[in-house]
Structures are given as structure tokens and as C-alpha cells.
Amino acid sequence: FGLVLARPLSNRWSLQTGVSYTYLYSKWKNRFDGSVVQRQHLHLLGIPLGMSYRLTNWQKPYCYLSTGIAAEINIAGHIRNTDGKHHLRIPGILWTAKAKTGIAYPLFRFLGIYAEGGICYYSDYKGTIETIRSRHAFNLSGQIGIQINF
């Protein structure tokens, strides 16, 4: 989920930043009987920064392309296995590069909702906590949220 702040630079271009929340869930199964061995839950908070180009001149809704980077931190996490529940966190900042396409629907003059999808590159993470991002640096992503234009 995201909250985007967009500053129009022209009729088509805008500068974007905001806050995003990501929930990563993983589970590992036993090879022999298929039973779940452990489950991992990670919560990340990010600050994106990018540019957006409006593809259409429609007032409601409109389509756009955007690109940028995001810095995320792991704010909480735990792993549950046969030994119990253990807290874990990925240290440091996780960097992401994104290219997305989306659709936005203005609700009021400065407020709207959006949905977007695209491709992301998650920078090399050298830690011991395994996620989909550490296994596959390139991945597809999707996001919905609220957009504030100022």
C-alpha cells in the first residue's frame, strides 16, 4: 500500500515521493512429507522518489508511466518454527529501482486513488535472511494507494 505525493512540473511530468508499506511472507516445507517447517513475516516501510509521465489527457481516469528508486527499512519481523517464534529484522537500507505503469482516478482536486504494476530490481542484499527479493533480484510488483497532488 502506498501514499504518493506528486508535484506537477508540467501538464505531463510530475515529481513523486511518499511512503510505502510492504509485507513479505515466506514458508518453507519439509521435502519428505510436505509439512510446513517454518513461516517468516517481514514488514517494510519505504520512501520512493521518482518521475511520472502522464500518457493520456483524460481527466478521469488517466494513465501514466513512472520510474524511480525506493529506500526501505525492515520495521518488524518474525519467524515461527518448531522452536517457537523468534524476532528478526534485516539490517540497513534496502534499495529498489522501479519502472511502472498505472492508472489514477482523481476523487477531488488534490486527492485521488491509483493502481499500478511494473518491474523492480532489488539491489544485492548480503544478509542471512532469505526472501523472494534475495532469491530473484528482478521481480514483478503491484501497488494500490492514495495520491495527493500539490
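In the block above lies the structure referred to throughout.
Residues numbered from 1 in each chain as written. Predicted model: local features only at pLDDT ≥ 70, side-chain atom pairs only at ≥ 80, totals over all residues. Heavy atoms only, no water.

Examined bridge by bridge, strand 4 (residues 62-81) and strand 5 (residues 84-87) share 4 bridges and lie antiparallel to one another. Directly across from I79, in strand 5, lies its bridge partner H86. Linkage of strand 4 to strand 5, two consecutive antiparallel strands, is achieved through a turn of 2 residues. (Pairing = 2+ DSSP bridges. Helix = DSSP H or I, 4+ residues; strand = E, 2+ residues; numbered from the N terminus.)

Relative to strand 2 (residues 13-29), strand 1 (residues 2-8) runs antiparallel, the two being bridged by 7 bridges. Each bridged residue has a counterpart across the sheet, and for G2 the counterpart in strand 2 is S20. Turn length for the strand 1-strand 2 hairpin, with the two strands adjacent in sequence and antiparallel, is 4 residues. As judged from the 15 bridges shared by strand 2 and strand 3 (residues 36-54), these two strands associate in the antiparallel manner. Looking at the pairing, S14 lines up with S52 of strand 3. Connecting strand 2 to the antiparallel partner strand 3 that follows it, the hairpin turn spans 6 residues, and G34 within it adopts a positive phi of roughly 80 degrees.

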